[in-house]
Amino acid sequence: STFLLWSHMRPSVAFLCMLTLSCVGGYHHYNQAPAAWLHVDEAVGFLPYFALGYAVPFERIQYVVAPVGPLAPMVVVLCWTLLGVPQLMWGEPLPEGSGWYGCCDAGWTFVSVVGQGWHADYQLYFTRRLAKVTLDAVPMLLLVFLVVPRSATPLSWIGPHTLYPY
């Protein structure tokens, strides 16, 4: 789909379209026979992550964000520990990227919203996917641009090749 559809759009427009498609597509369960082998639920669920990889201007951000000293990684880890981890551990479960809104850990929340007829909650349930993508993407982008060394350091002689194993 990248070559057939998304490559003909500006990356920012493609990102918004993929994000919208994922948020709207999460309301329906596509992996039902006979088309279950297509794994459309998973493709729609993980689409925002592919969109981020496609649309984030890596070289431009890397040029703007100057290499930082050893204090920045500690600040990033501390902020994530104080702000992000509590939401993931003690907040309501967010929809997994591996399927529609009714699957996995957050499935019971979606089913209860649908079953009790809470129309506003049902219509705004897609915001949980946006929250999940944000809570997943922000630490990764901070890790890539602020924590991972861009050159050889006393602790990592491998420098810019640090991300190769990932």
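Keep in mind it's a predicted model, so treat the numbers as computed, not measured.

Asker: Just to check I follow, could you spell out the overall build of the chain for this structure?
Answerer: When helices and strands are counted, the chain shows seven helices and zero strands. Reading the chain from its N end, one meets helices and strands in the order α-α-α-α-α-α-α. Of all 166 residues assigned to the chain, the portion counted as buried reaches 28%. Put simply, of all contacts in the chain between residues at least 6 apart along the chain, 63% involve residues at least 24 apart.

Asker: Explanation requested: the packing of helix α2 (residues 40-55) against helix α7 (residues 126-147) in the structure shown.
Answerer: How two helices pack is summed up by the angle between their axes together with the distance between the axes. At a minimum axis separation of 11 Å, α2 and α7 run at an interaxial angle of 45°. When the axis of α2 is compared with that of α7, the two are oblique. Judged by the twist between their axes, the crossing of α2 over α7 is right-handed. Two secondary-structure elements touch here, α2 through Val-44, Gly-45, Pro-48, Tyr-49 and Leu-52 and α7 through Arg-129, Lys-132, Val-133, Asp-136 and Ala-137.

Asker: What is the right way to look at the environment of Ser-98 in this model?
Answerer: Considering the arrangement of structural elements, one finds Ser-98 in the loop between α4 (71-90) and α5 (107-115). For Ser-98, a relative accessible area of 28% corresponds to the partly exposed category. It is 7.0 Å that separates the C-alpha atoms of Ser-98 and Asp-41, two residues lying 57 residues apart in sequence. In contact with Ser-98, other than residues within four places in its own chain, are Glu-42, Phe-46, Cys-103 and Cys-104.

Asker: When you look at a nonpolar patch on the surface in this model, what are you seeing that I'm missing?
Answerer: On the surface, a cluster of nonpolar side chains totalling about 310 Å² of accessible area is made up of Leu-71, Met-74 and Val-75. For Met-74, the location among the structural elements is in helix α4. Residue Met-74 is classed as exposed on the basis of its relative accessible area of 53%.

Asker: Quick question: what am I supposed to make of the packing of helix α1 (residues 11-25) against α2 here?
Answerer: Contact pair α1 / α2: the axes reach a minimum separation of 8 Å and the direction vectors enclose 170°. For the element pair α1 / α2, the angle class is roughly antiparallel. Crossing hand, α1 versus α2: left-handed. Of the residues in α2, those touching α1 at Pro-11, Ala-14, Phe-15, Met-18, Leu-19, Leu-21, Ser-22 and Gly-25 are Val-44, Gly-45, Leu-47, Pro-48, Ala-51, Leu-52, Tyr-54 and Ala-55. For the contact of α1 with α2, a count of residues per class yields 13 nonpolar, three polar and no charged.

Asker: Help me understand unusual backbone geometry, please; the structure alone is not making it clear to me.
Answerer: The bulk of non-glycine residues show a negative phi, and the bulk of peptide bonds are trans. Unlike most non-glycine residues, His-39 shows phi in positive territory, near 55°. For His-39, the location among the structural elements is in the loop between α1 and α2.

Asker: What am I meant to see in the packing of aromatic side chains here?
Answerer: How two aromatic rings sit relative to each other is given by the distance of their centres and the angle of their planes. In the structure shown here, the tally under the stated rule is four aromatic pairs. When the centroid spacing of 6.1 Å and the interplanar angle of 55° are considered together, the rings of Phe-46 and Tyr-49 count as tilted. Linking Phe-46 with Tyr-49, this pair stays in helix α2, spanning three residues, or about one helical turn. Note on Tyr-49: relative accessible area 25%, which makes it partly exposed. With a centroid separation of 5.2 Å and an interplanar angle of 35°, the aromatic rings of Phe-58 and Phe-145 are classed as tilted. Separated by 87 residues along the polypeptide, Phe-58 in helix α3 (residues 58-64) and Phe-145 in helix α7 bring together distant segments of the chain.

Criteria and cut-off values
Residues numbered from 1 in each chain as written. Predicted model: local features only at pLDDT ≥ 70, side-chain atom pairs only at ≥ 80, totals over all residues. Heavy atoms only, no water. Helix = DSSP H or I, 4+ residues; strand = E, 2+ residues; numbered from the N terminus. Buried < 20%, exposed > 50% of the residue type's maximum accessible area, 1.4 Å probe, protein only. Contact = heavy atoms within 4.5 Å. Axes fitted to C-alpha atoms, helices over the stretch in contact; angles between N-to-C directions. Parallel < 35°, antiparallel > 145°, perpendicular 65-115°, else oblique. Left-handed = near helix turned anticlockwise from the far one by under 90°. Patch = residues over 30% accessible without salt bridge, like charges linked within 9 Å, V, L, I, M, F, W, Y side chains within 5 Å. Areas by Shrake-Rupley, 256 points an atom, 1.4 Å probe, with all protein chains shown as cover. Salt bridge = Lys/Arg side-chain N within 4 Å of Asp/Glu carboxyl O. Nonpolar A, V, L, I, M, F, W, Y, C, P; charged D, E, K, R; others polar. Phe/Tyr/Trp six-rings, centres within 6.5 Å; stacked < 30°, edge-to-face > 60°.

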